[in-house]
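Structural overview
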Amino acid sequence: MPLIPNLTQLRSYSPFDTLLSGLASQRNASSTNTPAPLPSAIVQLSQGEISDQSYTLRQLSATQRTEKWESTANDAVSNLMARNFAGESNANRFLGLGQALLEHLKSSATNFKQSVSVQAEEQSAAVQQGEIALSIQTHSGARVALTLNNQGDSLGVALNIDGELSTDEQTAVSALAESFELTVRGLLTVPPRLNIAGITQVDSNQIKALDLKASFTDQASEVIKFDFHSDASQRQVKLATPQGKLSVNVDLQQTAILGNATQREKAVGRYLQQMEQANQRGKPDAAMQTLFQDAFTNLHRYYPGDAGALQGVRAANVESLKDYNQALLTGLGDFQADLAMSAASSNPMRPNERDHFNFQMAQSSRIVGRQSIQQKQDSSLSASYHESLQADLPLRLTMDKKSQNYNFVEIKDQASSQIDLAFDGKHQLISATLEKSAQQSTKISRYEMGKLVKESQIPAQYQVLQDLLSTLQSLEKQKIKHIDDETLRQQKLSELNNVIFLEGRPDELAKTNRIQALVDPEQRKV
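A brief structural summary. Per chain, residues are indexed from 1 in the order of the written sequence. Predicted model: local features are reported for residues with pLDDT of at least 70 only, side-chain atom pairs are reported and counted for 80 or more only, and whole-chain, interface and lining totals are derived from all residues. The basis for every side-chain value is the complete set of heavy atoms in the structure, and neither hydrogens nor water enter the calculation.

Between helix α9 (residues 261–282) and helix α10 (residues 286–301), the least distance of the axes is 10 Å, while the angle of their chain directions is 165°. By the angle class used here, α9 and α10 are roughly antiparallel. The handedness of the crossing between α9 and α10 is right-handed. Note on element contacts: α10 touches α9 through Gln 289, Phe 292, Gln 293, Phe 296, Thr 297, His 300 and Arg 301, opposite Arg 264, Val 268, Tyr 271, Leu 272, Met 275, Glu 276 and Asn 279. Along the lines of polarity and charge, the residues of the contact of α9 with α10 split into 6 nonpolar, 5 polar and 3 charged. Angular values range over 0 to 180 degrees, each being the angle between N-to-C directions of two axes fitted as lines to C-alpha atoms, with helices fitted over their stretch in contact. For helices the rule is a DSSP run of H or I covering at least 4 residues; for strands it is a run of E covering at least 2, with both sets numbered from the N terminus onward. Here roughly perpendicular refers to angles of 65 to 115 degrees, roughly parallel to angles under 35, roughly antiparallel to angles over 145, and oblique to all remaining angles. Each crossing is labelled by how the near helix is turned from the far one, with a counterclockwise turn of less than a right angle marking it left-handed and a clockwise turn marking it right-handed. Here, two residues are considered to be in contact whenever any of their heavy atoms come within 4.5 Å of each other. Gly is placed with the polar residues, together with every amino acid not listed as nonpolar (Ala, Val, Leu, Ile, Met, Phe, Trp, Tyr, Cys and Pro) or charged (Asp, Glu, Lys and Arg).

Attention now moves to the packing of helix α3 (residues 76–84) against helix α5 (residues 97–104). Relative to each other, α3 and α5 sit at 175°, their axes nearing to 10 Å. Comparing their axes, α5 and α3 come out roughly antiparallel. Between α3, through Val 77, Leu 80, Met 81 and Asn 84, and α5, the contact on the second element is made entirely by Leu 97, Ala 100 and Leu 101.

Now for α10. Helix span, expected: 1.5 Å multiplied by one less than the number of residues in the helix. Compared with the 22 Å implied by 1.5 Å per residue over 16 residues, the 22 Å span of α10 between its first and last C-alpha is a close match. Any residue under 20% of the maximum accessible area for its type is buried, any over 50% is exposed, and the rest in between are partly exposed; the area is computed with a 1.4 Å probe on protein chains only. Most of α10 is tucked away, with 12 of its 16 residues classed as buried. Within the sequence span of α10, burial applies to Met 288, Gln 289, Leu 291, Phe 292, Gln 293, Asp 294, Ala 295, Phe 296, Thr 297, Asn 298, Leu 299 and His 300. Polar contact is the term for a pair of N or O atoms within 3.5 Å; when the atoms are in protein, one must be able to donate a hydrogen and the other to accept it, and sequence-neighboring residues count only if both atoms are side-chain atoms. The backbone nitrogen of Ala 287 lies 3.2 Å from a side-chain oxygen of the residue at the head of α10, namely Asp 285.

With that out of the way, let us pick up helix α7 (residues 177–188). A rise of 1.5 Å per residue sets the reference length of α7, with its 12 residues, at 16 Å; its end C-alpha atoms lie 17 Å apart and thus fit the reference within 8%. Burial analysis of α7 places 10 of its 12 residues in the buried class, the great majority of the element. Within the span of α7, buried status applies to Ala 177, Ser 179, Phe 180, Glu 181, Thr 183, Val 184, Arg 185, Gly 186, Leu 187 and Leu 188.

A few words now on the nonpolar core. Nonpolar cores are built from buried Ala, Val, Leu, Ile, Met, Phe, Trp, Tyr and Cys residues. Side-chain atoms within 4.5 Å join them into one set. With 103 residues, the main nonpolar core has Phe 226 and Phe 296 as its most contacted residues. The contacts of Phe 296, once residues within four sequence positions are left out, are Val 248, Val 268, Tyr 271, Leu 272, Met 275, Leu 332, Phe 335, Ala 337 and Met 361.

On to the pattern of salt bridges, then. We count a salt bridge whenever a side-chain nitrogen from Lys or Arg sits within 4 Å of a carboxyl oxygen from Asp or Glu. Applying the stated criterion across every chain, the model contains 8 salt bridges. Ionic pairing is found between Asp 294 and Arg 193, a salt bridge with its closest N-O pair at 2.7 Å. Of this pair, Asp 294 sits in helix α10 while Arg 193 sits in the loop between α7 and α8 (197–200), placing them 101 residues apart in sequence. Among the salt bridges present, the one from Lys 213 reaches Asp 227, with a minimum N-O distance of 2.8 Å. Here Lys 213 is found in strand β6 (residues 207–217), whereas its partner Asp 227 is found in strand β7 (residues 223–231), with 14 residues between them in sequence. Looking at Asp 227, the relative accessible area reads 26%, which means it is partly exposed.

Quick look at the structure:
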């Protein structure tokens, strides 16, 4: 079946014209209540972002089943529902509905409700089920609640406004229409993606908090749950699938530690490297690892005030965070990120050998007035898995001893990095240290024909402690003396920033170079 065309194309798609005329007649015959009508706008959706696997549409004629509509209103949302109800997947059922409901607010801050249903015996057993709920609170106290509900034999939508929205609030909420749609479509694609960056980029002058929850069945009828929250001080996302669970929480309250977009992008890239190293060591489900990286990247992509407000906050803290101090921080808000695969016993002969993967990564910062700054990064990995003794031979473990040729690998890793800065009463730097450590433990149990023939333990660890005071003092003196050598200064700042991040591999940590003090160009000439 070809990809679903966009909604403009659907209007000229003759099988749907036949369907819609029948549906309109059924709605007129069965409805008793009429909600506030929505404008008959067409919601434009990008064809390239819809996958063949998720968005296939089962065409039905109007005579194949009897549909009951809550309202006979002829509006954009009801027309979308008429088309979508012919589909079997949540992706088809919810396509464009949330976007159309939020765009309704551009012209009218009124409630809306619509539903369509069929007799359960008339509904295909292959139809998925799901519910999506969006809640937005404005600074004036008004709340906007949007729900999409697919129960297989029914499809319902509702938009409820509690309180009075100002014109600016209407605009801010309706501006989220496209981002909300992209988030929903990402969740419902196969495999799912966390396209949540857009819903973090809200008008914080109008919107106080945003919550999005979703629960739905996938193609295997297994449940997926999603939970997202965002406000000015924090963000968090949770996702639970049959394969595992992930959660990422970001604390934005300590504005003094937040860097600009360039610094944050670099920091995210370095943390993603840690995730990739954990992936190589622990062998998690690839789709869950991608979702974990999506969540982490998108929660840090936009910060409140990136366009201006944050610059004012940063300026107010310029004395406590000079450029050479800022270079020793990641620029990210503090966070806690966790990924856990569902444990499984893949070897029926030894069910106690459980495959698992648990990875945690965190950053915490502490600023004590103008006296000290501390920022700590940590990561830990606990994992185990079975692997074939031959790379080109897939492992299929059974009760047959001939299948019992494998390595059982157990991993335990930890890494940390901590920067400590201390200042005197005049806010002059008096201490600057960087401490980093990495430990890796690999245990390999080798089985041949079901018998343990070899067991090996491979530990590795390394620790680095650097005194950065002379380097930072040289940068401070250079700034005071106004030496015209900005290129050298920026190179040294970049060098400092590069060394602060986590390094989970002991052998790589051992290669860390000592950061040397900046030499005055006048002294270099001597």
